[in-house]
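So the chains spell out like this:
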2 protein chains.
Amino acid sequence: MHKTLPALATRLVSSLAAALLLSPSAQAAGQPDPGKRPSSADVLAAAQPGDWREVKAEDALLMELASGPVVIELAREFAPVHASNIVRLARGGYFDGLAIIRVQDNYVTQWGDADDEAPTARAKPADLAKAPVEFSRALKGLDFRALPERDGWAPQVGFVQGWPVAADPKKGHAWLTHCNSMVGAARGNEPDSSDGSGLYTVIGHAPRALDLNITSVGRVLQGMERLSALPRGAGALGFYEKAEQRTPIQRVRVLADVPEAERPKLQVLRTDTATWKRWLDSRRYRSGWFVHSPDRVELCSALPPVRPAP
Amino acid sequence: MHKTLPALATRLVSSLAAALLLSPSAQAAGQPDPGKRPSSADVLAAAQPGDWREVKAEDALLMELASGPVVIELAREFAPVHASNIVRLARGGYFDGLAIIRVQDNYVTQWGDADDEAPTARAKPADLAKAPVEFSRALKGLDFRALPERDGWAPQVGFVQGWPVAADPKKGHAWLTHCNSMVGAARGNEPDSSDGSGLYTVIGHAPRALDLNITSVGRVLQGMERLSALPRGAGALGFYEKAEQRTPIQRVRVLADVPEAERPKLQVLRTDTATWKRWLDSRRYRSGWFVHSPDRVELCSALPPVRPAP
């Protein structure tokens, strides 16, 4: 057995990964002894079908790279205009043949049109919506489940249907947080200069200072490693200096437009259930390999697991 | 100009990177307007030679990969026995020809002997010290500079000569925190089963739940992207399934043993100066591209910049 560290709560719980999490070596390396508190894997193994929610095919993108698929869920409740724009752009083939143009270590991977606002920029639909700033939204109307833990970045943090969210009840607003794997809409110096045609995802430590400064639009649910393990760009801000260093985007489709048989069907663990509370507790109270239980979770270290629909 | 995000405070401030941070495009993308608060780049540009500390050549490693060098500083004040073991192992050629054996997305990259405790394991010096648990040490004797910000993981967090540190003044101890780029000593189920022969670095969001559970031994000061951008392992816990997927380690030398002319000479921004306070403020109070100033810093988003000695 390797000397090692315990398993990270996996983002993607495939049947293979679930099996591995329960393998003797994983157990020896990090799972609680029998009779101790249930591990995260134990909680997921005991979850019922109703503990998972579907990812709506109208609200998700399938981005195809040479290395394989990347699935992104869009957060319509938080960025409705950006989400609609992105769906519209994808349906018009806007992203097909564009590229990943920037990878800055411990920060972001960004994709879109390298020529952006140049005369050679790829055309967008003439009537594409001018997107407003969607940095936050009203707290009212959201099924916000606050964590008891505070993190200093916001009065409250927690989850809304699987999305990591910060909230300020006094001001009455809420916003998606810049956790690893969250996706946002790149903008220029003007706050309302994003339209959803340029996107990025967080590949390192959560840069929470970006919260309330840019529109978050979704989360990478599958294929995150295809974006995080790319060579870092050597130019300013991590942009690639040469076109041939970029990773081409073969195609981006709305999941609903992908033929049923080839469509990835994913589920996200619901964050309004007793199972979810047990899962959080399995992350809070650690034993086995751990000699010091942290007795807390942190928002960006507790994003809900994702699995293929059984 | 690309729609984009502002620059991340760079880990490695090379003269090239410093120039780029001040380039018009970078300025347009994220630096404050002239007349506003100084940016991080402004603060570094105004820093004096005495604001930087040297990296002692006896306390640093040069790990050579095919992709280039990785420089790791060892934290002797926090893990003296592990640091001595690692230096001893490096001097004996222990790491030469071993490999990076595990990369788990948003978690860790781990290297050492894939055969580990198997009969085919690489031999270690017979009198290599049995390393004790070095998860924390006495707070007394450390020049600990606490941040005013709390993060929920410890009563206090701050810096000791550039190291990110958490402290519990009531219990009188302090420990290195698991920030991105920090290096630790892999262990098995027994808390005292690490000896420094297997190492890992954090490549994603800080897994602070590991704090006080494993011995941190240092920080990657240069070449972090050579460890973070590697293909993720498909096996359990991110271990590679096949030997040919591993990245060979060509050689690891103590920096003091590298001929002077080819030795990377690095400096870390001191964390006990007025310049450091200004640098933290430049990260706390944001303007320019930012419309919402976070008015706070977070320990693991504020690791001190590193530069080649001028």
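Treat the numbers as computed from the prediction; the structure is a model and nothing was measured. (Residues numbered from 1 in each chain as written. Chains lettered and ligands numbered in written order. Predicted model: local features only at pLDDT ≥ 70, side-chain atom pairs only at ≥ 80, totals over all residues. Heavy atoms only, no water.)

Counting residues at the interface gives 69 residues for chain A and 69 residues for chain B. With both sides pooled, the region where chain A packs onto chain B buries about 6,200 Å², and carbon together with sulfur makes up 56% of that total. When residues of chain A are sorted by the area they lose upon contact with chain B, A:Lys3, A:Leu5 and A:His205 head the list and together hold 14% of the total. For the pair chain A and chain B, the number of links is zero salt bridges. Joining chain A to chain B, the criterion identifies 21 residue pairs in polar contact (both at pLDDT 80 or more). Counting only elements with at least two residues in the side of chain A that touches chain B, the list comes to α2 (24-30), β4 (99-104), β5 (108-112) and α5 (225-228) of chain A. The element that contributes the greatest number of residues to the side of chain A that touches chain B is β4(A), accounting for three residues. Here the residues of the side of chain A that touches chain B sort into 35 nonpolar, 17 polar and 17 charged. (Contact = heavy atoms within 4.5 Å. Buried area = accessible area lost by both parts, 1.4 Å probe. Salt bridge = Lys/Arg side-chain N within 4 Å of Asp/Glu carboxyl O. Polar contact = N/O pair within 3.5 Å; in protein donor to acceptor, adjacent residues only side chain to side chain. Helix = DSSP H or I, 4+ residues; strand = E, 2+ residues; numbered from the N terminus. Nonpolar A, V, L, I, M, F, W, Y, C, P; charged D, E, K, R; others polar.)

In this section: the sheet that holds strand β1 (residues 52-54) of chain A. All names here are of chain A. Across the sheet, three strands lie side by side as β1-β16-β17; this open sheet has antiparallel pairing. The sheet terminates laterally at β1 and β17 (306-308), the two strands that pair on one side only. For this sheet the average axis-to-axis angle between neighbouring strands, irrespective of direction, equals 35 degrees. Where β1 meets strand β16 (residues 266-269), three bridges bridge the pair, whose relative direction is antiparallel. Following the sheet pairing, arginine 53 is matched in β16 by valine 268. (Pairing = 2+ DSSP bridges. Axes fitted to C-alpha atoms, helices over the stretch in contact; angles between N-to-C directions.)

Residues and elements named next belong to chain A. Here five strands make up an open sheet; going across it, the order is β6-β10-β9-β8-β7 and the pairing antiparallel. Two strands bound the open sheet, and with one partner strand each, they are β6 (137-138) and β7 (144-146). By the bridge criterion, three bridges tie β7 to strand β8 (residues 156-160) in an arrangement that is antiparallel. Paired with arginine 145 across the two strands is phenylalanine 159, which belongs to β8.

Let us now look at the relation of the copies chain A and chain B. Between chain A and chain B, which share one sequence, the superposing operator has a rotation angle of 180 degrees and an axial displacement of 0.0 Å; the RMSD is 0.0 Å. Those values place the two copies in the arrangement expected of a two-fold rotation axis. (Least-squares fit on C-alpha atoms with pLDDT ≥ 70 in both.)

On to the pattern of salt bridges, then. Residues and elements named next belong to chain B. In the structure shown here, the tally under the stated rule is 40 salt bridges over all chains. Notably, a salt bridge pairs arginine 91 with glutamate 58, separated by 3.0 Å at the nearest N-O pair. With arginine 91 in helix α4 (residues 80-91) and glutamate 58 in the loop between β1 (52-54) and β2 (60-65), the pair connects residues that are 33 residues apart, well separated along the chain. You can call arginine 91 partly exposed: its relative accessible area is 41%. A relative accessible area of 38% means that glutamate 58 is categorised as partly exposed. Residue aspartate 281 is joined to arginine 284 by a salt bridge in which the shortest nitrogen-to-oxygen separation is 2.9 Å. (Buried < 20%, exposed > 50% of the residue type's maximum accessible area, 1.4 Å probe, protein only.)

For chain A, the mean per-residue pLDDT works out to 91, and 89% of the residues sit at or above 70. Here residues 9-32 of chain A is a poorly scored stretch, pLDDT under 50, and it has 57 contacts once near neighbours within four places are set aside; other chains count. (pLDDT = per-residue confidence, 0-100.)

Turning next to the pairing of strand β12 (residues 199-202) of chain A. Successive residues of a regular strand alternate their side chains across the two faces of the sheet. Residue and element names in this part refer to chain A. Burial along β12 is two-sided: the residues Leu199 and Thr201 and Tyr200 and Val202 are all buried. One ladder, built from four bridges, connects β5 with β12; its direction is antiparallel. Looking at β12, one finds that tryptophan 111 is bridged to leucine 199. Relative to β12, strand β11 (residues 182-185) runs antiparallel, the two being bridged by three bridges. From the neighbouring strand, valine 183 faces β12, where its bridge partner is threonine 201.

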